[in-house]
Amino acid sequence: MKIKIFSMIMSMFSLTACASCITTDDDPITENPAPDPTPGTEAGDNVSVLVAYFSCTGTTEGIAEGIADITGASTFRIEAEVPYTAADLDYNNDCRANREQNNPKARPAIKSMPDGLDRYDVVFLGYPIWWGEAPRIISTFLENGDFKGKTIVPFCTSHSSGLGGSDRNLHSLAPDAVWIPGRRFAGNTAKTELEKWISGLDIKFDTDMDYSKFPLSEGKNGKAPTIRLSSGYDMPVVGLGTYSLTGDVCVNSVKSAISLGFRKIDTAHMYGNEVEVGRGVRESGVPREEIFVATKIYPNQYGNPEAAIDECLRKLDLGYVDLMLLHHPGTNDVKAYKAMERYVREGKIRSIGVSCYYIKEIDEFIRQVDIKPVLVQNEVQPYYQDTDVVPHIQNLGIAVEAWYPLGGRGHQKELLSDPLLTEIAMRHGKSVVQVILRWDLQRGVVVIPGSSNPDHMKENISIFDFELTEDEMTQIAALNRNEKHDWY
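Residues numbered from 1 in each chain as written. Predicted model: local features only at pLDDT ≥ 70, side-chain atom pairs only at ≥ 80, totals over all residues. Heavy atoms only, no water.

Participant: I keep staring at the overall build of the protein chain and nothing clicks. Help me out?
Facilitator: The number of helices and strands found in the protein chain is 15 helices and 17 strands. Buried residues in the protein chain amount to 57% of all 488 residues. The contacts of the protein chain with a sequence gap of at least 6 include a subset with a gap of at least 24, amounting to 78%. Summed over all atoms, the accessible surface of the protein chain reaches about 20,200 Å², with 48% contributed by carbon and sulfur. (Helix = DSSP H or I, 4+ residues; strand = E, 2+ residues; numbered from the N terminus. Buried < 20%, exposed > 50% of the residue type's maximum accessible area, 1.4 Å probe, protein only. Contact = heavy atoms within 4.5 Å. Areas by Shrake-Rupley, 256 points an atom, 1.4 Å probe, with all protein chains shown as cover.)

This is how it looks when you write it as structure tokens:
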């Protein structure tokens, strides 16, 4: 799937690439003019951000998490293939860290590089100070990635030592990147201090994205527009739900949907059809990277999440999962989510989120995890509009998706015959289904209506040639009964 490239606002590039990490009592080490911004970029665009960091004792990790929380960035922990032990860090002896730092050519092997590094515009690069320099593992990281055109914002951690030449061996390792001044922080640095520093960088982060408004004018019948998730990946705002689809019916439904222009397919472990969904995607004739596949693991799998994730990957057989969700809250949900975070770092899952989490649940949950959910999938339909929950989640920089937008299981007939919706549909020359789906999109709610009927599928993705008026949106809002059709 093609990823939009955003750029930093133009004024940022007036900054010069001086010392990698500076404080008020340290002088810049180098001073080279920053490259011109990429041709064709526009001022004020959002950027996609990664916080990559190396941490042995947890100090740098704490600062990295604070930066990610403020900017809405994804995180990547740089890990040595051979982990550092306490003996390796015993600087008073001939330890591994000393030997590496004394050898400018040392390049400790790392476990992996971030998946999809090309989609990030800004990389915050964090490391502790080791004898006045960045650990050699940072050199390994920079030499193993393509940072051309990216902006690198370094940050160092040290309780007392000076910066020395921490950046001297870094700029040359990513010469085509834009290096801007960074900072050194103590481990107990307050979040307010991080916020002050970050606000001074003049970068418009993805936390500014308004998930209540979709770029619907960019869509056309048969091709839904996309939104950029906080993970940096783009996701269509209309998809195919596959609940109750099994066997060849499921395979053929997925293939039909894709042939009609759908590029998002939703499944789950509990649907029992991940094998069929994967087969449908593979047999569609459309390149894998152009199709966004989402699945969910169930609470009875949270106790052994690695086995659940591996099973999902095996059944889908698509190489990776675009989005994995927790099906709903349950015992060990944080444990399961943290396992998904590890698979994100390994590149096997691209984005992660949750389902059936409301205001209390999501607020408590995000404080316990490292990667903010990119999406919450809840019951949303005209008779149950989640009026308080939807904007709350959107204001957290998280997208909202309606897992059953047409009335809830067993309650669809009443909604589709609603007099007001019928009247509005007739006014626009559309079906009630199309009016409901359009209403969701105009509220900033992603939809995944399910069907095995190609005619219905075509109807479901033909909702970009009309628009509901403000008055009609208000009238539909008045239909809310807070009538929830499932217990979670």
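Participant: I keep staring at the pattern of salt bridges and nothing clicks. Help me out?
Facilitator: Side chains bearing opposite charge may pair, as long as their charged atoms lie close to each other. Taken as a whole and assessed by the stated rule, the structure comprises 27 salt bridges. D266 is the salt-bridge partner of K296, the closest N and O atoms lying 3.0 Å from each other. Highlighted residues: K296 in strand β12 (residues 292-297) and D266 in strand β11 (residues 264-266), separated in sequence by 30 residues. Each member of the pair, K296 as well as D266, is classed as buried. Between K338 and D370 there is a salt bridge, with its nearest N and O atoms 3.9 Å apart. Remark: D370 occurs in the loop between α9 (359-366) and β15 (375-378) and K338 occurs in helix α8 (residues 333-345); sequence separation between them is 32 residues. (Salt bridge = Lys/Arg side-chain N within 4 Å of Asp/Glu carboxyl O.)

Participant: Can you walk me through the pairing of strand β2 (residues 49-53) in this structure?
Facilitator: A regular strand carries its side chains on alternate faces of the sheet. Summarising burial for β2: five of the five residues are buried, a large majority. Alternating positions in β2 separate into two faces, V49, V51 and Y53 on one and L50 and A52 on the other, with burial throughout. Here β2 pairs with strand β4 (residues 122-128) via five bridges, running parallel. When the bridges of β4 are listed, V51 appears paired with F124. One ladder, built from four bridges, connects β2 with strand β3 (residues 74-77); its direction is parallel. Its bridge partner being in β3, L50 is matched across the sheet by S74. On the question of chirality, the crossover connecting β2 to the parallel β3 by way of helix α1 (residues 59-71) is right-handed. (Pairing = 2+ DSSP bridges. Right-handed = clockwise from strand over helix to strand, strands pointing away.)

Participant: What am I meant to see in unusual backbone geometry here?
Facilitator: If you check the backbone angles, D317 has positive phi at about 55 degrees while not being a glycine. Structurally, D317 is set in the loop between α7 (305-316) and β13 (321-326). Take D317: its relative accessible area is 47%, and that puts it in the partly exposed class. Even without glycine at this site, D386 takes up a positive phi of about 50 degrees. With respect to the secondary-structure elements, D386 resides in the loop between β15 and α10 (389-395). The class of D386 is buried, set by a relative accessible area of 4%.

Participant: Honestly, the packing of α7 against α8 in this entry has me stumped. Any pointers?
Facilitator: What describes two packed helices is the angle between their axes and the distance between those same axes. Relative to each other, α7 and α8 sit at 50 degrees, their axes nearing to 9 Å. The orientation of α7 relative to α8 falls into the category oblique. In the packing of α7 onto α8, the handedness of the crossing is right-handed. Listed contacts from α8 to P305, E306, I309, D310 and L313 of α7 are K335, A336, A339, M340, R342 and Y343. Among the residues forming the contact of α7 with α8, the class breakdown is seven nonpolar, no polar and four charged. (Axes fitted to C-alpha atoms, helices over the stretch in contact; angles between N-to-C directions. Parallel < 35°, antiparallel > 145°, perpendicular 65-115°, else oblique. Left-handed = near helix turned anticlockwise from the far one by under 90°. Nonpolar A, V, L, I, M, F, W, Y, C, P; charged D, E, K, R; others polar.)

Participant: So what exactly am I meant to see when it comes to the confidence of the model for the protein chain here?
Facilitator: Any region with low pLDDT has predicted coordinates that should not be read closely. Overall, the predicted model of the protein chain reaches an average pLDDT of 86, with 86% of residues at or above 70. Segment residues 1-20 is flagged for pLDDT under 50; beyond a separation of four residues in sequence, or across chains, it makes 88 contacts in the model. Overall, residues 22-44 carries pLDDT values under 50, and its contacts beyond four positions in sequence, including any with other chains, amount to 43 contacts. (pLDDT = per-residue confidence, 0-100.)

Participant: Sorry, what's going on with helix α12 (residues 419-428) here?
Facilitator: Helical geometry note: an α-helix holds 3.6 residues per turn, so side chains three or four residues apart project in the same direction. Of the residues making up α12, those classed as buried are L420, L421, I424 and A425. Take α12 and look down its axis: the buried residues cluster within an arc of 135 degrees, on one side only. Exposed and oriented more than 90 degrees from the buried face of α12 are P419 and M426. Each element contacted by the buried residues of α12 is listed here: α11 (412-416), α13 (432-442) and α15 (470-477). Capping of α12 at its N-terminal end is provided by D418; its side-chain oxygen lies 3.0 Å from the backbone amide nitrogen of L420. Note on α12: the residue one or two positions beyond its end, G429, has a positive phi of about 70 degrees. (Arc of directions from axis to C-beta. Polar contact = N/O pair within 3.5 Å; in protein donor to acceptor, adjacent residues only side chain to side chain.)

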